[in-house]
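# Examining the three-dimensional arrangement
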Amino acid sequence: MHTPELLRSMTGLDRRSFLLALGGTLIAPRAFAAPSPEQFRARLAEAESAGRISGLHALLVSQGGKLVFEHYGKGDDESEILGQLPSVVFGPDVPHDLRSVSKSVVGLAYGIALAAGKVPPPEAKLYEQFPEYADLARQPGRDRITIHHLLSMTLGLEWDELTIPYGDDLRNSEIAMEAAPDRFRFILERPIVCEPGTKWTYCGGATALLGHLISRGTGEGLLAYGRRVLFEPLGFGPVDWARGESDGQYRAASGLRMLPRDLLKIGQLARAGGVWNGQQIVPQDWLKRSVTPAVTVENGFRYGYHWYLNASRVGASQHAEPWVGGIGWGGQRLYIFSGLDLVVAQYCGNYDRSGMEQRRINDAIIGEVVLPGFV
């Protein structure tokens, strides 16, 4: 879940920078010494006291696969599973919603399922995977939509999660999808408004279809499959996944809930080229494809296969440090700064703040607390 302000604010890089942004075989990190925990804490305290950072629930930073800073706050939270959670004291053993960072995890799970031959490849026709909706498949133009367009959110279908606030308004496409008796028909019957592959449209429905393909192809529920092939191999603690109220389907686009250190592990896994404890968990070629820019969003900001590609600016020089990551409403973030061998996991409770205000807070967290001393 995002807003136009979040997207318009992001600064793009050239294509080569993105292709070098992830994977140990793609780019070698620069040599540097990590700041001390005391330096992190001092910068964070200064930014919080000045009002530039608020609502921070958890911030974890790892360098070279080693945890170098860990901070937990306290405050109100909300969960798609548990509802309102007042006065939470956050810590390593307190799970938190990922919101739309869930999408990036689904992208990894799809790659694992693809390598096992359980889901269709990106080149496959989308509507051929849903024979139960043959009436939709016969409509002109739908035969040009592929799984690639799902993964890159370039379906060309009418979808709007950005201009109508989340809540109860059925003009918001995600809210309408959640209320629909058949969420998959609702997604697939959206009118075609542009040629597939030409325009990025933020679409939780795309992730819902990917999650459904994973479940149907593997014969397992999305949560059970994720546990077996991803969460348990990485030694996760408790993980849960919200379901839709109208149909009981997993909310693939936003419903994951996990411990903060486990979110950090997702980033560390991606940084390591999909390898964990000597085992190839996610195929490396899938990771490379996932972070290859498939489409430009706005102002050069780009999107791969359910991963964002951008840069953060830091210091008086406004140095732009490339990253690959996941973004979720309220301030949930996962960043991989491959040039620094750095992974950042962040949880916040800024659900009621505007997208522009969330961006301002996040820029302060990354630019004032995390990156100084590395860049």
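What counts as what
- Once a new chain begins, its residue numbering starts again from 1 and follows that chain's sequence as written.
- Under the rules for a predicted model, residues below a pLDDT of 70 receive no local features and side-chain atom pairs below 80 are neither given nor counted, while totals for whole chains, interfaces and linings still include all residues.
- As a rule here, side-chain values come from all non-hydrogen atoms in the structure, and water together with hydrogens is ignored.
- By convention, a stacked pair of Phe, Tyr or Trp rings (six-membered ring in the case of Trp) has centres within 6.5 Å and planes under 30 degrees apart, an edge-to-face pair has planes over 60 apart, and any other such pair is tilted.
- Remark: exposure states derive from per-residue accessible area (1.4 Å probe, protein chains only) relative to the maximum for the residue type, with buried under 20%, exposed over 50%, and partly exposed in between.
- A ring is considered to have a charge above it if a Lys NZ or an Arg CZ atom is located within 6 Å of its centre and within 35 degrees of its normal.
- Working definition: helices are DSSP H or I runs of at least four residues, strands are E runs of at least two. Numbering for both runs from the N terminus.
- Here, any two strands with at least 2 DSSP bridges between them count as paired.

### Topic: the packing of aromatic side chains
- Tallied over the entire structure, the rule returns 15 aromatic pairs.
- Taking 5.2 Å as the distance between ring centres and 10 degrees as the angle between the ring planes, the aromatic pair formed by Phe231 and Phe236 counts as stacked.
- We classify Phe236 as buried; its relative accessible area is 13%.
- Aromatic side chains Phe301 and Tyr308 sit 5.4 Å apart centroid to centroid with 10 degrees between the ring planes, which places their arrangement in the stacked category.
- Residue classification places Phe301 among the buried positions, given a relative accessible area of 0%.
- Since its relative accessible area comes to 3%, Tyr308 is described here as buried.
- In textbook terms, an aromatic cluster arises when at least three aromatic residues are bridged by ring pairs, as seen for Trp200, Tyr202, Phe301, Tyr303 and Tyr308.
- The residue whose ring lies beneath Arg243 is Tyr250, and the NZ or CZ to ring-centre distance is 4.0 Å.

### What to know about the environment of Lys66
- The topology assignment puts Lys66 in strand E2 (residues 66–72).
- C-alpha separation for the pair Lys66 and Gln332, spaced 266 residues apart in sequence, amounts to 21 Å.

### Some remarks on the pairing of strand E3 (residues 74–79)
- Inspection of the sheet shows E3 paired to strand E4 (residues 83–89) by five bridges, in the antiparallel sense. Opposite Asp77, over in E4, you have Leu85 as the bridge partner.
- What sits between E3 and E4 in their antiparallel hairpin is a turn of three residues.

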